[in-house]
Amino acid sequence: MKARVQWLDGRAFVGETGSGHAVVMDGAPESGGRNIGVRPMEMLLLGLGGCTAFDIVMILERMREKVTGLDITLDGERATEDPKVYTRVKLVYKVTGRKLKPANVERAVNLSAEKYCSATAMFAKSAVIEHSFEIIEEGEAQGA
């Protein structure tokens, strides 16, 4: 797996992946950035979310669960001193589907966290990782 990061100007950079995709990263204005892209440390959280989301959907589909949606909220806390690594990350999975079995959703979350998600394994070197999940029956009113 390869990637390339090029400096644009100020604190803005463009990252290009070996698979041909690009993303703009930038810093906050108080750090000399123009706020035109995602912060690099936010990208790490997004990577963690994407990695575990991939696992959850695949595992639930293999279990023949009727999953129709997945929303993961990540809340990361960082050290106060350099290097400001993540020290705690809380993931909340909202899994939507038809008659999902709670035991299977819990198993999918645990399998991702403990076996399959490479990003979780890396984050766990410096951070406490917390997981919780909520099952939403497809068609239920949300936010009511």
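What you see is a predicted model, and the numbers here were worked out from it, not measured in a lab. (Residues numbered from 1 in each chain as written. Predicted model: local features only at pLDDT ≥ 70, side-chain atom pairs only at ≥ 80, totals over all residues. Heavy atoms only, no water.)

**Focus: the overall build of the protein**
Consideration 1: Looking only at helices and strands, the protein has 3 helices and 6 strands in total.
Consideration 2: Helices (α) and strands (β) of the protein occur, in sequence order from the N terminus, as β-β-β-α-β-β-α-α-β.
Consideration 3: Counting every position in the protein, which comprises 144 residues, the buried fraction comes to 28%.
Consideration 4: Carbon and sulfur atoms form 52% of the exposed surface of the protein, whose accessible area is close to 9600 Å².
Consideration 5: Charged side chains of the protein number 19 positive and 20 negative; the gap between the two group centres comes to 6 Å. (Helix = DSSP H or I, 4+ residues; strand = E, 2+ residues; numbered from the N terminus. Buried < 20%, exposed > 50% of the residue type's maximum accessible area, 1.4 Å probe, protein only. Areas by Shrake-Rupley, 256 points an atom, 1.4 Å probe, with all protein chains shown as cover. Lys, Arg positive; Asp, Glu negative; His and termini not counted. Charge placed at Lys NZ, Arg CZ, Asp CG, Glu CD.)

**Focus on the sheet that holds strand β1 (residues 3-9)**
Consideration 1: Spatial strand order, β1-β2-β3: 3 strands in an open sheet with antiparallel pairing. Every interior strand has two partners, whereas the edge strands, β1 and β3 (22-25), have only one. Neighbour-to-neighbour, the strand axes of the sheet open up by a mean angle of 20°, direction not taken into account.
Consideration 2: Note: β1 against strand β2 (residues 12-17), 6 bridges, orientation antiparallel. Bridged to Ala3 within β2 is Thr17. (Pairing = 2+ DSSP bridges. Axes fitted to C-alpha atoms, helices over the stretch in contact; angles between N-to-C directions.)

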